[in-house]
Amino acid sequence: MYFKIKFIKNTTFFSLFIVIFATVLSTPVFSENVGSPYIQQIVLNNYGFKNDNHKIIKDKNGLIYITNTNGLLQYDGSFWEIVKVPGIPYMDIDSNGIVYVGGNNDFGKIAPDKTGKPVFISLNDSSKYNLGNFGQIKQVYTRNNIVYFCTKDLLFKWTGNHIEVLDTGKVELQLFKVKNHIFLEKDGQGILKLINQDFRLLPGSSEFSEKDIIDILPYREKILIKTANSGFFLFD
(Lines give C-alpha, C1' and ligand atoms only; values in the text may rest on other atoms or scores of the structure.)
Protein backbone atom coordinates (compact mmCIF):
# COMPACT_ATOMS: atom_id res chain seq x y z
CA MET A 1 0.00 0.00 0.00
CA TYR A 2 1.22 3.46 -0.77
CA PHE A 3 0.26 6.96 0.30
CA LYS A 4 1.08 10.09 -1.67
CA ILE A 5 2.56 12.94 0.36
CA LYS A 6 1.61 16.50 -0.51
CA PHE A 7 3.81 19.31 0.80
CA ILE A 8 1.66 22.37 1.64
CA LYS A 9 3.22 25.66 2.59
CA ASN A 10 2.17 26.66 6.09
CA THR A 11 2.85 30.36 6.52
CA THR A 12 1.98 30.37 10.22
CA PHE A 13 4.49 27.62 10.99
CA PHE A 14 7.11 29.27 8.81
CA SER A 15 6.71 32.61 10.61
CA LEU A 16 6.97 30.91 14.00
CA PHE A 17 10.10 29.08 12.85
CA ILE A 18 11.74 32.38 11.85
CA VAL A 19 10.96 33.92 15.27
CA ILE A 20 12.39 30.93 17.15
CA PHE A 21 15.47 30.80 14.92
CA ALA A 22 16.15 34.52 15.42
CA THR A 23 15.75 34.12 19.18
CA VAL A 24 18.23 31.26 19.32
CA LEU A 25 20.79 33.22 17.31
CA SER A 26 20.47 36.24 19.59
CA THR A 27 20.89 34.19 22.79
CA PRO A 28 24.47 34.46 24.16
CA VAL A 29 26.40 31.25 24.69
CA PHE A 30 27.74 31.12 28.26
CA SER A 31 29.45 27.73 28.22
CA GLU A 32 33.14 28.00 27.38
CA ASN A 33 33.98 24.41 28.25
CA VAL A 34 32.30 22.79 25.28
CA GLY A 35 34.92 21.45 22.91
CA SER A 36 34.80 21.77 19.16
CA PRO A 37 35.25 18.77 16.86
CA TYR A 38 38.30 18.73 14.63
CA ILE A 39 37.24 19.53 11.09
CA GLN A 40 39.64 19.26 8.20
CA GLN A 41 38.63 20.88 4.93
CA ILE A 42 39.85 18.92 1.94
CA VAL A 43 39.85 20.72 -1.39
CA LEU A 44 40.58 18.08 -4.00
CA ASN A 45 41.70 20.69 -6.52
CA ASN A 46 44.73 21.19 -4.30
CA TYR A 47 45.65 17.55 -4.87
CA GLY A 48 45.15 17.61 -8.63
CA PHE A 49 41.67 16.03 -8.63
CA LYS A 50 38.36 17.53 -9.68
CA ASN A 51 35.86 18.23 -6.91
CA ASP A 52 33.25 16.06 -8.62
CA ASN A 53 32.56 13.29 -6.12
CA HIS A 54 29.72 10.78 -5.87
CA LYS A 55 30.15 8.60 -2.79
CA ILE A 56 32.41 8.30 0.26
CA ILE A 57 32.96 5.16 2.34
CA LYS A 58 35.44 4.08 5.01
CA ASP A 59 36.82 0.56 5.36
CA LYS A 60 37.61 -1.34 8.56
CA ASN A 61 41.20 -0.04 8.49
CA GLY A 62 40.07 3.57 8.49
CA LEU A 63 40.94 4.19 4.84
CA ILE A 64 38.58 6.56 3.04
CA TYR A 65 37.45 5.86 -0.53
CA ILE A 66 35.88 8.50 -2.77
CA THR A 67 34.39 7.91 -6.19
CA ASN A 68 35.51 10.77 -8.39
CA THR A 69 35.37 11.55 -12.10
CA ASN A 70 39.17 11.06 -12.16
CA GLY A 71 38.89 7.56 -10.70
CA LEU A 72 38.64 6.00 -7.26
CA LEU A 73 40.49 7.99 -4.60
CA GLN A 74 41.96 6.44 -1.45
CA TYR A 75 42.95 8.63 1.52
CA ASP A 76 44.70 7.45 4.69
CA GLY A 77 44.60 10.80 6.48
CA SER A 78 47.92 11.94 5.07
CA PHE A 79 48.39 10.68 1.52
CA TRP A 80 46.21 10.25 -1.55
CA GLU A 81 46.21 7.38 -4.02
CA ILE A 82 44.18 7.24 -7.20
CA VAL A 83 42.96 3.97 -8.67
CA LYS A 84 42.15 4.22 -12.36
CA VAL A 85 38.84 2.60 -13.27
CA PRO A 86 37.32 2.60 -16.78
CA GLY A 87 34.54 5.19 -16.95
CA ILE A 88 32.97 6.73 -13.84
CA PRO A 89 33.44 4.54 -10.75
CA TYR A 90 30.53 3.47 -8.51
CA MET A 91 31.24 1.46 -5.38
CA ASP A 92 30.06 -0.29 -2.24
CA ILE A 93 31.78 -2.20 0.57
CA ASP A 94 30.87 -5.62 1.99
CA SER A 95 31.01 -6.80 5.60
CA ASN A 96 34.55 -8.10 5.09
CA GLY A 97 35.75 -4.62 4.14
CA ILE A 98 36.24 -5.40 0.44
CA VAL A 99 35.50 -2.43 -1.83
CA TYR A 100 33.72 -3.36 -5.06
CA VAL A 101 33.70 -0.97 -8.01
CA GLY A 102 31.80 -0.76 -11.27
CA GLY A 103 32.91 1.30 -14.26
CA ASN A 104 32.40 1.36 -18.00
CA ASN A 105 32.26 -2.16 -19.47
CA ASP A 106 34.01 -3.46 -16.35
CA PHE A 107 33.53 -4.23 -12.67
CA GLY A 108 35.76 -5.61 -9.97
CA LYS A 109 37.26 -5.02 -6.54
CA ILE A 110 40.07 -3.05 -4.93
CA ALA A 111 43.05 -4.93 -3.48
CA PRO A 112 46.68 -4.04 -2.69
CA ASP A 113 49.42 -5.05 -5.08
CA LYS A 114 52.84 -6.37 -4.01
CA THR A 115 53.93 -2.89 -2.93
CA GLY A 116 50.75 -2.24 -0.96
CA LYS A 117 49.36 0.19 -3.51
CA PRO A 118 45.61 -0.19 -4.18
CA VAL A 119 44.72 -1.49 -7.64
CA PHE A 120 41.54 -2.38 -9.50
CA ILE A 121 41.09 -6.12 -10.13
CA SER A 122 38.55 -6.91 -12.84
CA LEU A 123 35.98 -9.69 -12.31
CA ASN A 124 34.74 -9.75 -15.91
CA ASP A 125 36.55 -12.99 -16.65
CA SER A 126 34.70 -14.70 -13.79
CA SER A 127 31.62 -15.13 -15.97
CA LYS A 128 31.06 -18.14 -18.21
CA TYR A 129 29.53 -15.73 -20.73
CA ASN A 130 31.28 -13.27 -23.00
CA LEU A 131 29.95 -10.07 -21.44
CA GLY A 132 31.18 -7.81 -24.24
CA ASN A 133 30.49 -4.08 -24.03
CA PHE A 134 27.66 -3.81 -21.53
CA GLY A 135 28.07 -0.09 -20.82
CA GLN A 136 28.44 2.00 -17.69
CA ILE A 137 27.68 0.44 -14.31
CA LYS A 138 25.27 2.81 -12.55
CA GLN A 139 24.76 1.16 -9.16
CA VAL A 140 26.81 -1.20 -6.98
CA TYR A 141 25.36 -2.68 -3.78
CA THR A 142 26.39 -5.50 -1.46
CA ARG A 143 24.23 -7.64 0.79
CA ASN A 144 25.39 -10.66 2.79
CA ASN A 145 28.68 -10.48 0.85
CA ILE A 146 26.86 -10.89 -2.46
CA VAL A 147 27.50 -7.99 -4.85
CA TYR A 148 25.08 -6.59 -7.43
CA PHE A 149 26.24 -4.48 -10.38
CA CYS A 150 23.57 -2.72 -12.42
CA THR A 151 23.70 -0.88 -15.75
CA LYS A 152 20.70 0.86 -17.30
CA ASP A 153 19.40 -2.50 -18.55
CA LEU A 154 21.62 -5.31 -17.18
CA LEU A 155 21.98 -6.77 -13.70
CA PHE A 156 25.01 -8.82 -12.61
CA LYS A 157 25.59 -10.77 -9.41
CA TRP A 158 28.98 -11.61 -7.90
CA THR A 159 28.69 -14.66 -5.64
CA GLY A 160 32.27 -14.63 -4.39
CA ASN A 161 33.69 -16.90 -7.08
CA HIS A 162 31.79 -16.20 -10.29
CA ILE A 163 29.55 -13.68 -12.07
CA GLU A 164 25.91 -14.40 -12.88
CA VAL A 165 23.72 -12.42 -15.27
CA LEU A 166 20.33 -11.87 -13.61
CA ASP A 167 18.69 -9.56 -16.13
CA THR A 168 19.48 -9.48 -19.81
CA GLY A 169 18.73 -5.98 -21.04
CA LYS A 170 15.13 -6.14 -22.20
CA VAL A 171 13.85 -3.26 -20.03
CA GLU A 172 15.34 -0.36 -18.09
CA LEU A 173 16.56 -1.14 -14.59
CA GLN A 174 17.57 0.81 -11.52
CA LEU A 175 18.91 -0.54 -8.25
CA PHE A 176 18.40 0.97 -4.77
CA LYS A 177 19.57 0.05 -1.27
CA VAL A 178 17.59 0.99 1.85
CA LYS A 179 19.36 0.00 5.05
CA ASN A 180 20.18 -3.66 4.30
CA HIS A 181 17.40 -4.17 1.77
CA ILE A 182 17.89 -4.03 -2.01
CA PHE A 183 15.14 -2.93 -4.39
CA LEU A 184 15.05 -3.16 -8.17
CA GLU A 185 12.93 -0.83 -10.29
CA LYS A 186 11.93 -2.59 -13.48
CA ASP A 187 10.36 -0.49 -16.20
CA GLY A 188 6.83 -1.64 -17.02
CA GLN A 189 6.60 -3.93 -13.97
CA GLY A 190 7.13 -2.01 -10.74
CA ILE A 191 9.43 -2.47 -7.75
CA LEU A 192 11.03 -5.78 -6.85
CA LYS A 193 12.65 -6.58 -3.50
CA LEU A 194 15.56 -8.93 -2.96
CA ILE A 195 14.23 -11.72 -0.73
CA ASN A 196 16.75 -14.43 0.06
CA GLN A 197 18.44 -14.73 -3.37
CA ASP A 198 15.52 -13.75 -5.60
CA PHE A 199 14.00 -10.46 -6.69
CA ARG A 200 10.23 -10.58 -6.09
CA LEU A 201 7.64 -8.06 -7.23
CA LEU A 202 6.17 -6.13 -4.30
CA PRO A 203 2.36 -6.36 -4.18
CA GLY A 204 0.81 -3.09 -5.29
CA SER A 205 4.05 -1.73 -6.74
CA SER A 206 2.78 -1.94 -10.32
CA GLU A 207 1.49 1.58 -9.64
CA PHE A 208 5.11 2.67 -10.17
CA SER A 209 5.63 0.77 -13.42
CA GLU A 210 5.37 3.95 -15.50
CA LYS A 211 6.76 6.42 -12.95
CA ASP A 212 10.30 7.75 -13.06
CA ILE A 213 11.72 6.84 -9.64
CA ILE A 214 14.63 9.00 -8.54
CA ASP A 215 15.35 7.51 -5.13
CA ILE A 216 14.04 5.16 -2.44
CA LEU A 217 14.70 6.19 1.15
CA PRO A 218 13.98 4.77 4.63
CA TYR A 219 11.07 6.28 6.54
CA ARG A 220 10.40 4.61 9.91
CA GLU A 221 9.22 1.09 9.03
CA LYS A 222 8.22 2.09 5.50
CA ILE A 223 10.06 3.26 2.40
CA LEU A 224 9.77 6.73 0.90
CA ILE A 225 9.75 6.73 -2.89
CA LYS A 226 10.77 9.91 -4.68
CA THR A 227 9.57 10.28 -8.26
CA ALA A 228 10.51 12.82 -10.90
CA ASN A 229 7.05 14.18 -11.72
CA SER A 230 4.55 12.59 -9.31
CA GLY A 231 5.91 13.62 -5.91
CA PHE A 232 6.68 11.40 -2.93
CA PHE A 233 5.03 8.15 -1.91
CA LEU A 234 5.06 6.15 1.32
CA PHE A 235 5.06 2.44 0.66
CA ASP A 236 4.71 -0.37 3.18
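First, a word on scope: everything that follows refers to the structure included in this document. (Residues numbered from 1 in each chain as written. Predicted model: local features only at pLDDT ≥ 70, side-chain atom pairs only at ≥ 80, totals over all residues. Heavy atoms only, no water.)

Glancing now at the packing of aromatic side chains. This model, assessed by the stated rule, comprises 8 aromatic pairs. Taken together, the ring pairs connect Phe-107, Phe-134, Phe-149 and Phe-156 into an aromatic cluster. (Phe/Tyr/Trp six-rings, centres within 6.5 Å; stacked < 30°, edge-to-face > 60°.)

Across all of its chains, the model carries 4 salt bridges by this definition. Across the pair Asp-92 and Lys-55 runs a salt bridge whose closest N-O atoms are separated by 3.5 Å. One end of the pair, Asp-92, is in strand S6 (residues 90-93); the other, Lys-55, is in strand S2 (residues 53-58), and 37 residues separate them in sequence. We classify Lys-55 as partly exposed; its relative accessible area is 27%. The shortest N-O distance in the salt bridge between Lys-177 and Asp-92 comes to 3.6 Å. With Lys-177 in strand S14 (residues 173-178) and Asp-92 in strand S6, this pair connects stretches of sequence that are 85 residues apart. With relative accessibility at 26%, the residue Lys-177 sits in the partly exposed group. Because the salt bridges share partners, they merge into one network encompassing Lys-55, Asp-92 and Lys-177. (Salt bridge = Lys/Arg side-chain N within 4 Å of Asp/Glu carboxyl O. Helix = DSSP H or I, 4+ residues; strand = E, 2+ residues; numbered from the N terminus. Buried < 20%, exposed > 50% of the residue type's maximum accessible area, 1.4 Å probe, protein only.)

In this section: the pairing of strand S17 (residues 198-201). As defined by bridge partners, strand S16 (residues 190-195) adjoins S17 across 4 bridges and the pair is classed as antiparallel. Bridging across to S17, Ile-195 finds its partner in Asp-198. (Pairing = 2+ DSSP bridges.)

Even without glycine at this site, Lys-179 takes up a positive phi of about 55°. Relative to the assigned elements, Lys-179 resides in the loop between S14 and strand S15 (181-186). Of note in the backbone geometry, Arg-220 takes a positive phi value of approximately 55° without being a glycine.

This part covers the sheet that holds S17. Spatially, the 4 strands line up as an open sheet ordered S14-S15-S16-S17, and their pairing is antiparallel. The strands lining the two open edges of the sheet, one partner per strand, are S14 and S17. Pairwise comparison of adjacent strand axes, ignoring direction, gives a mean angle of 30° for this sheet. (Axes fitted to C-alpha atoms, helices over the stretch in contact; angles between N-to-C directions.)

Counting residues in each nonpolar core, the largest one holds 13 residues, and the members touching the most others are Tyr-100, Phe-107, Phe-134, Ile-137, Phe-149, Phe-156 and Trp-158. Looking at this core, the elements with two or more residues in it are strand S11 (146-150) and strand S12 (154-158). Looking at which element gives the most residues to this core, the answer is S12, with 3 residues. With residues up to four places along the chain from it excluded, the contact list for Tyr-100 reads Tyr-90, Met-91, Asp-92, Asp-94, Gly-108, Lys-109, Leu-123, Val-140, Thr-142, Val-147, Phe-149 and Trp-158. (Core = buried A, V, L, I, M, F, W, Y, C linked by side-chain atoms within 4.5 Å. Contact = heavy atoms within 4.5 Å.)

Pairing within the open sheet is antiparallel, and its 4 strands lie in the order S6-S7-S8-S9. A single partner strand is all that each edge strand has here, and the edge strands are S6 and strand S9 (118-122). Put simply, the sheet's adjacent strands are angled 30° from each other on average, direction ignored. As defined by bridge partners, S6 adjoins strand S7 (residues 99-102) across 4 bridges and the pair is classed as antiparallel. Pairing of Met-91 across the sheet is with Val-101, part of S7.

These figures capture arrangement, not role.
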